[in-house]
Amino acid sequence: MRYSFLTLARAALRGHRDWQPAWRDAEPRPSYDIVVVGGGGHGLATAYYLAKKHGLRNVAVLEKGWIGSGNAGRNTTIIRSNYLLPGNEPFYEWSMKLWEGLEQELNYNAMVSQRGVLNVFHSDAQRDAFARRGNAMRLAGADAELIDTDAVRRILPFADFDNARFPIKGGLLQRRGGTARHDAVVWGYARGASDLGVDIVQNCEVTGFLREGDRVIAVETTRGTIHAGKVGLAVAGSSSRVAKLLGLRLPIESHLIQAFVSEAVKPLIPCVVTFGAGHFYISQSDKGGLVFGGDIDGYNSYAQRGNLPVVEDVCEGGMALMPIIGRVRILRNWAGLLDMSMDGSPIIDRTPLDGLYLNSGWCYGGFKATPASGWCFAHLLARDEHHEVASDYRLDRFETGHLIDEKGQGAQPNLH
């Protein structure tokens, strides 16, 4: 069924009795050409592009819960391509271009809203760093504008410009950035992949793997053994646990990142805003709630909950940037599970085991990378070669020293 105004009108006239499920809840078959472990945005996008761009339809996506039950539904929905280094910026700009055509591609309303992303700065040194980042973005084909205090004031008249400790001196603006509805992105890719013949198998947890020597030949699950020509892991913060089933130790750590949503208020924040003097970012949802977050909880954990010191730090950042939100009530908070790599950049590569491929280490960039991650991982699985925009995301860069370190923090994941 193709969604359109006419489809909606016909369904309304028939009492909305003819709607079909968006995707098939498939039973697992004994074998597939490719099995993608992980039914989040990255895994589903991979399966979709395997079918759509490479013509590989004998594909299964295995999800231990239900579609979108993991990190896909636990993020702050921001999309952007404002990166600095040549190993990252072309990849995220390609993702931004895919976002811009995603709803037409999938025939699904993913609520992509290019409302802009504004990073404010508070010192001359930050201005120079943002100018460098903006120049790198423009060299890679992305849009970037360095704006002064007056321009920021026109966008955010309620911000605290006169705070002596954190005076707002300007900002780096990417107008093409913005937000998308995380659940809708997952549902859209699931629907698109299912329509192309991909089996989406829910409530199917991976419990082990079968090997012949150094080759992975099958996945053991709670719903039986499934043989595969190739296996792709796209399980985000659970990557270390799944890889451990094969005796692999990955160069990542799992950390929590909390997010919050407030009660609904009148339109207040027209774009995504980040605080330059602390780790705080905020946008406003279509329902009026303020959606915001901050830095990761500093300890390693697999729990999807956070702790109070980070809550306090995030709220302090928000109050320093815009005291106007001080009386707004927080309705709920949650935590996503991040797979923090040693240099703060992702991994899309083969593993030392034949037939096993890895998509991991997304740190803070997982949601915004969804389309390009799926595109490039599908390219690797289908052709056994790296896509040009993801060619630096190699697993062995930690051995060779070719790191992609945006923040210059070295090999300490919690600092990225």
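What you are looking at is a predicted structure, and each value in this text was computed from that prediction instead of being measured. Here, residues in each chain are numbered from 1, in the same order as that chain's written sequence. Local features in a predicted model are, by the rule used here, given only for residues with pLDDT of at least 70; side-chain atom pairs are given and counted only at 80 or more, and totals for whole chains, interfaces and linings are based on all residues. In computing side-chain values, all of the structure's heavy atoms are included and hydrogens and water are not.

**Q** Is there a simple way to explain the pairing of strand β1 (residues 31-37) in this structure?
**A** A regular strand places its side chains on the two faces of the sheet in alternate fashion. Think of it in three bands: with a 1.4 Å probe and only protein chains considered, a residue is buried below 20% of the maximum accessible area for its type, exposed above 50%, and partly exposed in between. Strands here mean DSSP runs of E at least two residues long; helices mean DSSP runs of H or I at least four residues long; both are numbered from the N terminus. Burial within β1 is extensive, with five of its seven residues counted as buried. Of the strand pairs in this sheet, β1 and strand β2 (residues 59-62) are connected by four bridges, and their pairing is parallel. Across the sheet, residue V36 finds its bridge partner in β2, namely V61. With its strands directed away from the observer, a crossover is right-handed exactly when the path from the first strand over the helix to the second travels clockwise. With helix α2 (residues 41-54) bridging β1 and the parallel β2, this β-α-β connection has right-handed handedness. Note on pairing: DSSP must find at least two bridges between two strands before they are called paired.

**Q** What is the right way to read the layout of surface pockets from this model?
**A** Think of a ball as big as a water molecule: rolled over the atoms, this probe shows where empty space is left. Both site types are read off a 1 Å grid over the protein atoms alone. A 1.4 Å probe that fits but cannot get out defines a cavity, while an open set with protein on both sides within 12 Å along at least five of seven lines defines a pocket; lining residues have an atom within 4 Å of a point. Grid points are joined across faces, edges and corners, and a volume is the space filled by probe spheres set on the points. Put simply, the second largest pocket is a space of about 560 Å³. Taken together, 26 residues line the second largest pocket, and the ones lying closest to its centre are R181, H182, S285, K287 and V291. Those elements that provide at least two residues to the lining of the second largest pocket are α7 (182-195), β12 (252-264), β14 (280-284), β15 (289-300) and β16 (330-341). Broken down by element, the lining of the second largest pocket gets its largest block of residues, four residues, from β12. Taken together, the residues of the lining of the second largest pocket break down into seven nonpolar, twelve polar and seven charged. Charged means Asp, Glu, Lys or Arg here, nonpolar means Ala, Val, Leu, Ile, Met, Phe, Trp, Tyr, Cys or Pro, and polar covers whatever is left, Gly included.

**Q** Sorry if this is basic, but what is going on with the sheet that holds β14 here?
**A** Strand pairing within a sheet occurs via backbone hydrogen bonds; the two strands may be parallel or antiparallel. Pairing within the open sheet is mixed, and its eight strands lie in the order β5-β6-β4-β13-β14-β15-β12-β16. At either margin of the open sheet sits one strand with a lone partner, and together these are β5 (145-148) and β16. In this sheet, adjacent strand axes meet at a mean angle of 25° when their direction is disregarded. Here β12 pairs with β16 via eleven bridges, running antiparallel. In the sheet register, S262 faces β16, and the bridge partner there is I330. This element, helix α9 (residues 308-321), spans β4 (117-121), β12, β13 (272-274), β14, β15 and β16 of the sheet and lies at about 135° to β15. Geometry is summarised by axes, namely lines fitted to C-alpha atoms with helices restricted to the contacting stretch, and by angles between N-to-C directions that run from 0 to 180 degrees. Note on definitions: a residue-residue contact is assigned when non-hydrogen atoms from the two residues lie within 4.5 Å.

**Q** What's the story with the pairing of strand β18 (residues 356-360) in this structure? I'm lost.
**A** Among the five residues in β18, five count as buried, and that is most of the element. Sheet topology note: the strand β11 (residues 224-233)/β18 ladder contains three bridges and is parallel. Residue pairing for β18: L233 is matched across the bridge by L358. Where strand β17 (residues 347-350) meets β18, four bridges bridge the pair, whose relative direction is antiparallel. Bridging from a neighbouring strand, D349 pairs with L358 of β18. The hairpin turn running from β17 into β18, its antiparallel successor, is five residues long, and G355 in that turn takes a positive phi close to 85°.

**Q** So what exactly am I meant to see when it comes to the nonpolar core here?
**A** For soluble globular proteins, the rule of thumb is that nonpolar side chains tend to be buried together. Core analysis: the biggest nonpolar cluster contains 52 residues, and L44, Y49, F91, W99, Y189 and I348 have the highest contact counts within it. Breaking this core down by element, the ones donating at least two residues are β1, α2, β2, α3 (89-100), α4 (102-106), α7 and α10 (370-383). Setting aside chain neighbours within four positions, we find W99 in contact with I79, V112, A180, V185, F367, K368, T370 and P371. The next biggest cluster of nonpolar side chains, apart from the first, holds 28 residues, and it includes L118, F275, A320 and L321. Side-chain atoms within 4.5 Å are what join buried Ala, Val, Leu, Ile, Met, Phe, Trp, Tyr and Cys residues into a set we call a nonpolar core.

**Q** Could you clarify how one ought to interpret the packing of aromatic side chains in this entry?
**A** When two rings of Phe, Tyr or Trp (its six-membered ring) have centres within 6.5 Å they constitute a pair, described as stacked for plane angles under 30 degrees, edge-to-face for angles over 60, and tilted for the intermediate range. The tally for this structure, following the rule as stated, stands at 17 aromatic pairs. Counting every residue linked through ring pairs, the aromatic cluster contains Y48, Y49, W94, Y189 and W375. Charge-over-ring placement is defined geometrically: NZ (Lys) or CZ (Arg) within 6 Å of the ring centre, and within 35 degrees of the ring normal. Lying across the ring of F161, R153 places its NZ or CZ 4.2 Å from the centre. In this structure, R241 packs its charged tip against the face of Y302, placed 4.3 Å from the ring centre.

**Q** Explain the environment of I347 here, please?
**A** If you trace the backbone, I347 turns up in strand β17. Linking I347 and A264, residues 83 residues apart in sequence, is a C-alpha distance of 38 Å. Those residues in contact with I347 that sit more than four places away from it in its chain are P251, I252, L358, N359, S360, Y393, L395, R397 and F398.

**Q** So what exactly am I meant to see when it comes to α2 here?
**A** Helical geometry note: an α-helix holds 3.6 residues per turn, so side chains three or four residues apart project in the same direction. With 14 residues, α2 should cover 20 Å at 1.5 Å per step; its first-to-last C-alpha distance of 19 Å lies within 8% of that length. For α2, a buried count of eleven out of 14 residues is recorded, marking the element as mostly surrounded by other parts of the structure. Along α2, the residues classified as buried are G41, H42, G43, L44, A45, T46, A47, Y48, Y49, L50 and A51. Two residues or fewer past α2, G55 is found with a positive phi of approximately 70°. To estimate the expected span of a helix, subtract one from its residue number and multiply by 1.5 Å.

**Q** Help me out: how do you make sense of the pattern of salt bridges in this one?
**A** Here the idea is simple: oppositely charged side chains can pair when their charged atoms come close. Within this document, salt bridges are pairs made up of a side-chain nitrogen of Lys or Arg and a carboxyl oxygen of Asp or Glu, the two lying within 4 Å of each other. Under the criterion given, the structure shown has 20 salt bridges. Among the salt bridges present, the one from D199 reaches R24, with a minimum N-O distance of 3.2 Å. Of this pair, D199 sits in strand β8 (residues 199-201) while R24 sits in the loop between α1 (5-13) and β1, and the two are 175 residues apart along the sequence. For D199, a relative accessible area of 4% corresponds to the buried category. Here R24 falls in the partly exposed class, since its relative accessible area comes to 37%. Residue E27 pairs with R223 through a salt bridge whose shortest N-O separation is 2.8 Å. Taken as a pair, E27 in the loop between α1 and β1 and R223 in the loop between β10 (215-221) and β11 lie far apart in primary sequence, 196 residues in all. Via salt bridges that share partners, E93, E100, D143 and R176 belong to a single interconnected network.

**Q** Can you walk me through the side chain of T46 in this structure?
**A** Along the chain, the position of T46 falls in helix α2. The buried category is assigned to T46, whose relative accessible area is 0%. In contact with T46, other than residues within four places in its own chain, are V36, S373, G374, F377, A378 and L381.

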